[in-house]
Amino acid sequence: VVPNPKTSSLEIVRDYRAQMDQQYPGVSYDSDSLEGYMNASILIKALENLTPPYTPSKVVESLKSFKNVKFKGLTLTYDEEIFGFSK
């Protein structure tokens, strides 16, 4: 579940549209590419908290540490029950 890629005013969605417009002028926004953009952005945020070498276990631990993290209009809290950020 992602916000509407065409109408949402969330910062991360505005960033997505700006990147899409820059890279692919005239492209139609869609929820699949927005979801990928959001996932990649969150992964980069997790990597920023780490030092090399980057290992899968270090990345997972970084993601699990997100508790009420404000990020581009989202509030990220890792949920152990669903192994992710949204229900």
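1. Some points on the packing of helix 2 (residues 31-48) against helix 3 (residues 56-64)
Here comes step 1: Axis separation between helix 2 and helix 3 bottoms out at 9 Å; the angle between their running directions is 100°. Compared by their axis directions, helix 2 and helix 3 come out roughly perpendicular. Residues Ile42, Leu43, Ala46 and Leu47 of helix 2 form the contact with helix 3, whose own contacting residues are Val59, Ser62 and Leu63.
Here comes step 2: Its residues assigned to classes, the contact of helix 2 with helix 3 shows six nonpolar, one polar and no charged.

2. Structural notes on the environment of serine 33
Here comes step 1: For serine 33, the location among the structural elements is in helix 2.
Here comes step 2: Relative accessible area serves as the criterion here: at 25%, serine 33 is assigned to the partly exposed category.
Here comes step 3: Separated by 53 residues in sequence, serine 33 and serine 86 have C-alpha atoms that sit 17 Å apart.
Here comes step 4: Aside from chain neighbours lying at most four places away, what touches serine 33 is Tyr16 and Met20.

3. What to know about helix 1 (residues 11-23)
Structural remark: α-helix, 3.6 residues per turn; residues separated by three or four positions point the same way.
Here comes step 1: Counted at 1.5 Å a residue, the expected span for helix 1 with its 13 residues is 18 Å, and the 18 Å between its end C-alpha atoms agrees.
Here comes step 2: The inward-facing, buried residues of helix 1 contact helix 2, strand 1 (69-71) and strand 2 (74-76).

Rules behind the numbers
Residues numbered from 1 in each chain as written. Predicted model: local features only at pLDDT ≥ 70, side-chain atom pairs only at ≥ 80, totals over all residues. Heavy atoms only, no water. Axes fitted to C-alpha atoms, helices over the stretch in contact; angles between N-to-C directions. Helix = DSSP H or I, 4+ residues; strand = E, 2+ residues; numbered from the N terminus. Parallel < 35°, antiparallel > 145°, perpendicular 65-115°, else oblique. Contact = heavy atoms within 4.5 Å. Nonpolar A, V, L, I, M, F, W, Y, C, P; charged D, E, K, R; others polar. Buried < 20%, exposed > 50% of the residue type's maximum accessible area, 1.4 Å probe, protein only. Expected span 1.5 Å × (residues − 1).

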